[in-house]
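Here's the letter readout for the chains.
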Protein chains: 2
Amino acid sequence: MPRSSAVYKESYNRCLEAIAEIGTGGNLPPETEIAETWGISRTTVRAVLKRLSKTGIIDWEGRRKAILRLPHSEDFFTSEETITTAEKVETAFMELILGGDLAPGTILRESELARSFGTSPSAVREFLIRFSRFGLIEKEPNRHWVLRGFTRSFAEELFDVRELFEQRAFDQMLERGPEDRTWKALVALQAEFERISADIENRYMEFPRMDEAFHKLLFEQLQNRFVEDFFGVVTMVFHYHYRWRKSGELTRNRLATREHLEIIAALREGDRQKARDAFARHLQSARTSLLESVHWEEEG
Amino acid sequence: MPRSSAVYKESYNRCLEAIAEIGTGGNLPPETEIAETWGISRTTVRAVLKRLSKTGIIDWEGRRKAILRLPHSEDFFTSEETITTAEKVETAFMELILGGDLAPGTILRESELARSFGTSPSAVREFLIRFSRFGLIEKEPNRHWVLRGFTRSFAEELFDVRELFEQRAFDQMLERGPEDRTWKALVALQAEFERISADIENRYMEFPRMDEAFHKLLFEQLQNRFVEDFFGVVTMVFHYHYRWRKSGELTRNRLATREHLEIIAALREGDRQKARDAFARHLQSARTSLLESVHWEEEG
DNA sequence: TTTCTGCTTTTATTCGAGAAAGGACATTGA
DNA sequence: TCAATGTCCTTTCTCGAATAAAAGCAGAAA
């Protein structure tokens, strides 16, 4: 089997949506424009148009791409069909290590994973090389991979670096004062946090997204590719954290939302010491929360 | 072509050396022991023994592995034969981007690189995925890789993070006092630095190795896998730095050697403030030195 | 019994092939 | 005249195959 034609199928779906917007009797824009809009090649656009023509949704000849009928739900490719092999491997692997309750030291075999994911060994191999960046797995050359695991030391090391970066970013922002881009951006998040806070019982699930936005701003403050890279690791881990620790979620998110609002309030008042303290408190409670979710104590 | 049998050839060479040590009339240890000593499998050991037997170097039957003659230089595999494809790709790629004087934004094609390296596209692909960790290249999905390049901003961002980590490590060490493992280890490097310093005109080439050892100790102080990972990036860059900036090398290394000795002297005296100042000065001059070696100003 | 060996099975590394997606260029038509 | 199309070639993504290397198991030797 060759590559999955996910780009083609995804583009086809998007095109169907565009057609629904334009409506019957309308005309699709030039190939070049479609390609540019979605960041794909004209080759793929033409493949999509060909199929649209064959299924009788458009009448395509030369520059004429007249819409004959609106698409119905059966015309669309399913979401399973529009994912690439690489995405499939990633999803399957994350499911495995996040839900699998695997002990640190567990041996991961490329061939075994490939069989269970229903992909080729090479696809798994490439994914593992990419994923090794996160420090959760290690390769024994000419042998297998070993899961280092989401252990206490992993969480602590992660948080130590995170704190170092964020603290530095926060201080830099405070030094630059209220005209700083990040300062303003953080303050601008107030409304969203308040909306969540006001109806926390129903909207606590919206917090993780906001938390990520808040901290992303800080990581970007330093304008450093290594810092931003590291934010990718943090994001991955917190995604896991939020996803697998459902008990007490409301309480935790309520606390964290309040902490964010306190930081923002201090910034609005222009009280730097207060802001610094509030931020330090927030990092501390985030650390505690993360460490509580660790279920493996020691490295394998 | 399958895998390169580099392990086999490398092991064969090592076995020849061991045979020369033992001498004619001696006997090689059990397969298990040989395998364990070099961290390879018994399968490979047996392949090596088979060849040793066929070339008449040993008489092998069951447990008897009697040495018949000493190996001569023609018996050894050449160093070209004992490297894996992965190593070959790595070397070739580093040569290209370090010596190639490529502008930031240069497009790197897997197939093109594969042709010029004489390996398969997959080998190149895997290497690039691994190498992308260093922040010097980026992938445009379904397209090519783009060289971000060794630019001023790359060097500055690298050094900012390095400084953050090393400064923290140094402070932690100072807090813990003269009994700290790193403190003692740094002081222990004095003799080596003095030996270089005493004959700097002839031994300045030995400095990079010592510099790396010095800073490695600091990076390890924090006992953090993310920090240690980052040290890998720093090492790679400084390897480049030392390798391609030959002019003024003596002057730079003389200065840096002196700086290291100043830090160590302050530690021996137990004067923390002096040590902190000396260390800050050293980082500053290292930064200047690195930035001077950047030949590309802007990102592409 | 405990090593160590001989043989067999499984896994990792590397390559090459085939289809999808990208890109270049000549040609068409408003 | 120039944007848009038709055509063709190149590159990437994914798989499968072949051999090196690892790993397991039964039996022989000490």
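Just above sits the structure.
Residues numbered from 1 in each chain as written. Chains lettered and ligands numbered in written order. Predicted model: local features only at pLDDT ≥ 70, side-chain atom pairs only at ≥ 80, totals over all residues. Heavy atoms only, no water.

**Student:** Provide a residue-level description of the overall build of chain A, including the pertinent values.
**Tutor:** Of regular secondary structure, chain A possesses 14 helices and five strands. Its C-alpha atoms give chain A a radius of gyration of 24 Å, more than 25% over the compact-globule value 19 Å for 300 residues. Based on the C-alpha atoms only, the size of chain A along its principal axes is roughly 70 × 55 × 35 Å. For chain A, long-range pairs separated by at least 24 residues make up 70% of all intrachain contacts whose partners lie at least 6 apart in sequence. A total accessible area of about 15,500 Å² is found for chain A, and carbon and sulfur atoms account for 49% of it. The positive charge centre, built from 44 side chains, and the negative charge centre, built from 50, are 5 Å apart in chain A. (Helix = DSSP H or I, 4+ residues; strand = E, 2+ residues; numbered from the N terminus. Rg over C-alpha atoms; globule rule 2.2 N^0.38 Å. Contact = heavy atoms within 4.5 Å. Areas by Shrake-Rupley, 256 points an atom, 1.4 Å probe, with all protein chains shown as cover. Lys, Arg positive; Asp, Glu negative; His and termini not counted. Charge placed at Lys NZ, Arg CZ, Asp CG, Glu CD.)

**Student:** Explain the interface of chain B and chain A to me, using residue names and the numbers behind them.
**Tutor:** Taken together, the contact pairs 32 residues of chain B with 32 residues of chain A. Both sides together, the interface formed by chain B and chain A hides about 2,600 Å², and carbon and sulfur atoms give 55% of it. The largest share of the area that chain B buries against chain A comes from B:Leu164, B:Arg225 and B:Phe226, three residues that together contribute 29% of it. A salt bridge links A:Arg225 to B:Glu157, with the shortest nitrogen-to-oxygen separation between them at 2.9 Å. Where chain B meets chain A, there are ten residue pairs in polar contact (both at pLDDT 80 or more). Among the elements that take part in the side of chain B that touches chain A, helix H7 (residues 152-176) of chain B stands out by supplying nine residues, more than any other. (Buried area = accessible area lost by both parts, 1.4 Å probe. Salt bridge = Lys/Arg side-chain N within 4 Å of Asp/Glu carboxyl O. Polar contact = N/O pair within 3.5 Å; in protein donor to acceptor, adjacent residues only side chain to side chain.)

**Student:** Describe H7(B), and please don't skip the residues or the numbers.
**Tutor:** End to end, H7(B) covers 36 Å across 25 residues, agreeing with the expected 36 Å (1.5 Å per residue, within 8%). Just past H7(B), the residue B:Gly177 takes up positive phi, approximately 85°. (Expected span 1.5 Å × (residues − 1).)

**Student:** For the packing of helix H13 (residues 249-269) of chain A against helix H14 (residues 272-292) of chain A, give the residues involved together with the corresponding values.
**Tutor:** Residue and element names in this part refer to chain A. At a minimum axis distance of 8 Å, the contact between H13 and H14 shows a crossing angle of 165°. Classified by the angle their axes make, H13 and H14 are roughly antiparallel. Crossing geometry of H13 relative to H14 is assigned as left-handed. Taking contact as the criterion, the partners of Arg-252, Leu-255, Glu-259, His-260, Glu-262, Ile-263, Ala-266, Leu-267 and Glu-269 in H13 are, on H14, Lys-274, Ala-275, Ala-278, Phe-279, Arg-281, His-282, Ser-285 and Ser-289. Its residues assigned to classes, the contact of H13 with H14 shows seven nonpolar, four polar and six charged. (Axes fitted to C-alpha atoms, helices over the stretch in contact; angles between N-to-C directions. Parallel < 35°, antiparallel > 145°, perpendicular 65-115°, else oblique. Left-handed = near helix turned anticlockwise from the far one by under 90°. Nonpolar A, V, L, I, M, F, W, Y, C, P; charged D, E, K, R; others polar.)

**Student:** I'd like to hear about the relation of the copies chain B and chain A, residue by residue, with values.
**Tutor:** Mapping chain B onto chain A leaves a residual RMSD of 0.1 Å; the transformation is a rotation of 180° accompanied by 0.0 Å of translation along its axis. The transformation relating the two chain copies, once decomposed into turn and shift, fits a two-fold axis. Comparing interface residues between copies, 100% of those in chain B also lie at the interface in chain A; the contact surface is shared. (Least-squares fit on C-alpha atoms with pLDDT ≥ 70 in both.)

**Student:** Any details on the sheet that holds strand E5 (residues 145-147) of chain A? Residues and values, ideally.
**Tutor:** All names here are of chain A. With antiparallel pairing, three strands are arranged side by side in an open sheet as E3-E5-E4. On the outer flanks of this sheet lie strand E3 (107-108) and strand E4 (137-139), each paired with one strand and no other. Pairing of E3 with E5, which is carried by two bridges, proceeds in the antiparallel orientation. Looking at E5, one finds that Leu-108 is bridged to Trp-145. (Pairing = 2+ DSSP bridges.)

**Student:** Describe the environment of B:Gly25, with residues and values.
**Tutor:** Within the element layout of this structure, B:Gly25 appears in the loop between helix H1 (6-22) and helix H2 (31-38). For the pair B:Gly25 and B:Met236, spaced 211 residues apart in the sequence, the C-alpha separation amounts to 46 Å.

**Student:** So what's going on with the protein's contact with DNA strand C? Residues and values would help.
**Tutor:** By nearness alone, 41 residues border DNA strand C, and A:Ser41, A:Arg125, B:Arg42, B:Arg46 and B:Lys65 come closest of all. When the atoms of DNA strand C within 4 Å of the protein are sorted by group, sugar and phosphate make up 71%. In the model, a phosphate oxygen of DNA strand C is placed 3.3 Å from a nitrogen or oxygen of the A:Tyr8 main chain. The contact in question runs from a phosphate oxygen of DNA strand C to an N or O atom on the backbone of B:Gly62, over 3.5 Å. (Near = heavy atom within 4 Å.)

**Student:** Got a sec to walk through the protein's contact with DNA strand D? Specific residues and values, please.
**Tutor:** Neighbouring DNA strand D are 43 residues, the closest being A:Arg3, A:Arg42, B:Arg3, B:Ser41 and B:Arg125. Taking all atoms of DNA strand D within 4 Å of the protein, the share assigned to sugar and phosphate is 69%. When residues of the surface near DNA strand D are traced back to their parent elements, those giving at least two are helix H3 (42-54), helix H4 (85-99) and helix H6 (121-131) of chain A together with H1, helix H3 (42-54) and helix H5 (110-117) of chain B. Residues belonging to the surface near DNA strand D are distributed by class as follows: eleven nonpolar, 15 polar and 17 charged.

**Student:** Break down the sheet that holds strand E3 (residues 107-108) of chain B for me, with residues and values.
**Tutor:** If you walk across this open sheet you meet the three strands as E3-E5-E4 (chain B), and the pairing is antiparallel. Each edge of the open sheet is held by one strand with a lone partner, namely E3 and strand E4 (137-139) of chain B.

**Student:** Please set out the pattern of salt bridges residue by residue, giving values where relevant.
**Tutor:** Applying the stated criterion to the full structure yields 50 salt bridges over all chains. Among the ionic pairs, B:Asp160 bridges to B:Arg287, the shortest N-O distance being 2.9 Å. You can see B:Asp160 sitting in helix H7 and its partner B:Arg287 sitting in helix H14 (residues 272-292), a full 127 residues away along the chain. Since its relative accessible area comes to 13%, B:Arg287 is described here as buried. Salt-bridge contacts for B:Arg281 lead to B:Glu262; the nearest nitrogen and oxygen are separated by 3.4 Å. Of this pair, B:Arg281 sits in helix H14 while B:Glu262 sits in helix H13 (residues 249-269), and the two are 19 residues apart along the sequence. Exposure remark for B:Arg281: the relative accessible area of 46% places this residue in the partly exposed category. In this structure B:Glu262 comes out as partly exposed when scored by relative accessible area, which is 33%. What emerges from the salt-bridge pattern is a single network uniting A:Glu110, A:Arg125, B:Glu126 and B:Arg130. (Buried < 20%, exposed > 50% of the residue type's maximum accessible area, 1.4 Å probe, protein only.)

**Student:** Give a description of the packing of aromatic side chains that names residues and reports values.
**Tutor:** Any pair of aromatic rings gets described here by the distance separating the centres and the angle formed by the planes. With the rule as written, the count across this model stands at 27 aromatic pairs over all chains. Ring centres of A:Phe127 and A:Phe131 lie 5.5 Å apart, and the angle between their planes is 20°; on these two criteria the pair is classed as stacked. Taken together, the residues A:Phe127 and A:Phe131, both in helix H6 and four residues apart, mark about one turn of the helix. Judged by relative accessible area, which is 3%, A:Phe131 ranks as buried. These aromatic residues form a ring-pair network of at least three members: A:Phe150, A:Phe154, A:Phe165, A:Phe226, A:Phe230, B:Phe150, B:Phe154, B:Phe165, B:Phe226 and B:Phe230. Above the ring of A:Tyr12, the side-chain terminus of A:Arg51 is found at 4.9 Å from the ring centroid. (Phe/Tyr/Trp six-rings, centres within 6.5 Å; stacked < 30°, edge-to-face > 60°. Lys NZ or Arg CZ within 6 Å of the ring centre and 35° of its normal.)

**Student:** Give a detailed account of the side chain of A:Glu110, specifying residues and quantitative values.
**Tutor:** All names here are of chain A. Mapped onto the elements, Glu-110 comes out in helix H5 (residues 110-117). In this structure the side chain of Glu-110 is engaged in a polar contact, spanning 3.1 Å, whose partner is the side chain of Arg-125. Not counting residues within four places of it along the chain, the set of residues in contact with Glu-110 comprises Val-124, Arg-125, Leu-128, Lys-139 and Trp-145.

**Student:** Give me the lowdown on the pairing of strand E1 (residues 58-61) of chain B, citing residues and values where you can.
**Tutor:** Residues and elements named next belong to chain B. Looking at chain direction, E1 and strand E2 (residues 64-67) are connected through four bridges and run antiparallel. By the bridge assignment for E2, Glu-61 is matched with Arg-64. In this antiparallel pair of consecutive strands, E1 and E2, the connection spans two residues, and Gly-62 shows a positive phi of 60°.

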